[in-house]
Structures are given as structure tokens and as C-alpha cells.
Amino acid sequence: MGILTVFLDKLTNLRDEDGFGRSDPYVKFHLEQDNMVFDKNYGRQTSSTKNNRLNPVYGETFTFGGVPTMNNMVLHIRVWDSDIGIGTDDKLGECTVKLENMGLSEEPKEHVQKIDEKNGGWFSKDARIHLQLSYKEDEE
């Protein structure tokens, strides 16, 4: 078994789409082994919310334990806009990182990926998520 570490550095180039002020983005991570049948869930984690930010800097670390291998492993990422009051938060965009062929090791590896637009283009076409990823196998 091993530990996947995800360092959320920042989001860049978010479009200002909130009706009242700027977006208040936060990020949800879901680690999953994407098998043909019987996908296996390895956990979900959520970042803090950055109020009124179009280029929020997080500097937050998330760990997913009990991960047996990087085979078929994917990290689903969704970016949300926190809304105050009645209603639900707005999903701004998402992306998926396929971890299997990244050659992850204990040394963090930088990864920048485009965030796909949802709900009519909440992000600019250049919106990106900036991560550092590492995987350490437990010593037995």
C-alpha cells in the first residue's frame, strides 16, 4: 500500500462570473481506481474557499492513504464557487488526471492542467490548476 500526496498550489486565469463580486472558488478531489467494472474509491477531500479571487493561491496538501498502486488510478477534480444563502454552490469546471503513466515517486512532480468549462463557460479558456503530485509506497 502507499500514499498519494496532492499539493494544491493555485488556480490561474479564472473568469469573473459571480453576479455579486468575484468567484469564491474551492476544489474537490476524488481519488478512484477506474476499473472496467467495480471502480474502487480511495477518498474525497476538499480545499478551503478563497473569497473574491480569480487567481487563488492555496498552498494546501492532501493525502490519500491505502493506495495499492497507480494502475488505473485517476484523480477527479471539480472546482466550485461557494454561494452564500439559499441554494447550492455552482460547479465551475472539472478535469481528470490519469496518474498511471505519470511515473510518480516520492519526489513531487509538477502538473498543470486545463480546467474544462461547464455551465456556459465560467472559466476563461486559459484557466489552469497547478498541482504537485507524489506517491510513496509503504515500506514493509
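Residues numbered from 1 in each chain as written. Predicted model: local features only at pLDDT ≥ 70, side-chain atom pairs only at ≥ 80, totals over all residues. Heavy atoms only, no water.

(A) View of the side chain of His30. Within the secondary structure, His30 sits in strand S2 (residues 25-33). The class for His30 is buried, based on a relative accessible area of 13%. Of note is the side chain of His30, whose polar atom sits 3.1 Å from the side chain of Asn41. Not counting chain neighbours up to four residues away, the residues in contact with His30 comprise Asn41, Gly43, Arg44, Val74, Leu75 and His76. (Helix = DSSP H or I, 4+ residues; strand = E, 2+ residues; numbered from the N terminus. Buried < 20%, exposed > 50% of the residue type's maximum accessible area, 1.4 Å probe, protein only. Polar contact = N/O pair within 3.5 Å; in protein donor to acceptor, adjacent residues only side chain to side chain. Contact = heavy atoms within 4.5 Å.)

(B) Representation of the nonpolar core. Within the largest apolar cluster, 31 residues are counted, with the highest numbers of intra-cluster contacts made by Phe29, Leu75 and Leu99. Looking at this core, the elements that each hand over two or more residues are strand S1 (2-14), S2, strand S4 (57-67), strand S5 (73-81), strand S6 (90-98) and strand S9 (123-137). Residues contacting Leu75, with those up to four places away along its chain left out, are Val6, Phe29, His30, Leu31, Phe64, Cys95, Thr96, Val97, Leu99 and Leu133. (Core = buried A, V, L, I, M, F, W, Y, C linked by side-chain atoms within 4.5 Å.)

(C) Structural context of the side chain of Thr12. Within the secondary structure, Thr12 is located in strand S1. The exposure class assigned to Thr12 is buried, which follows from its relative accessible area of 14%. For Thr12, the contacting residues outside a window of four places in its chain are Leu54, Asn55, Asp126, Ala127, Arg128 and His130.

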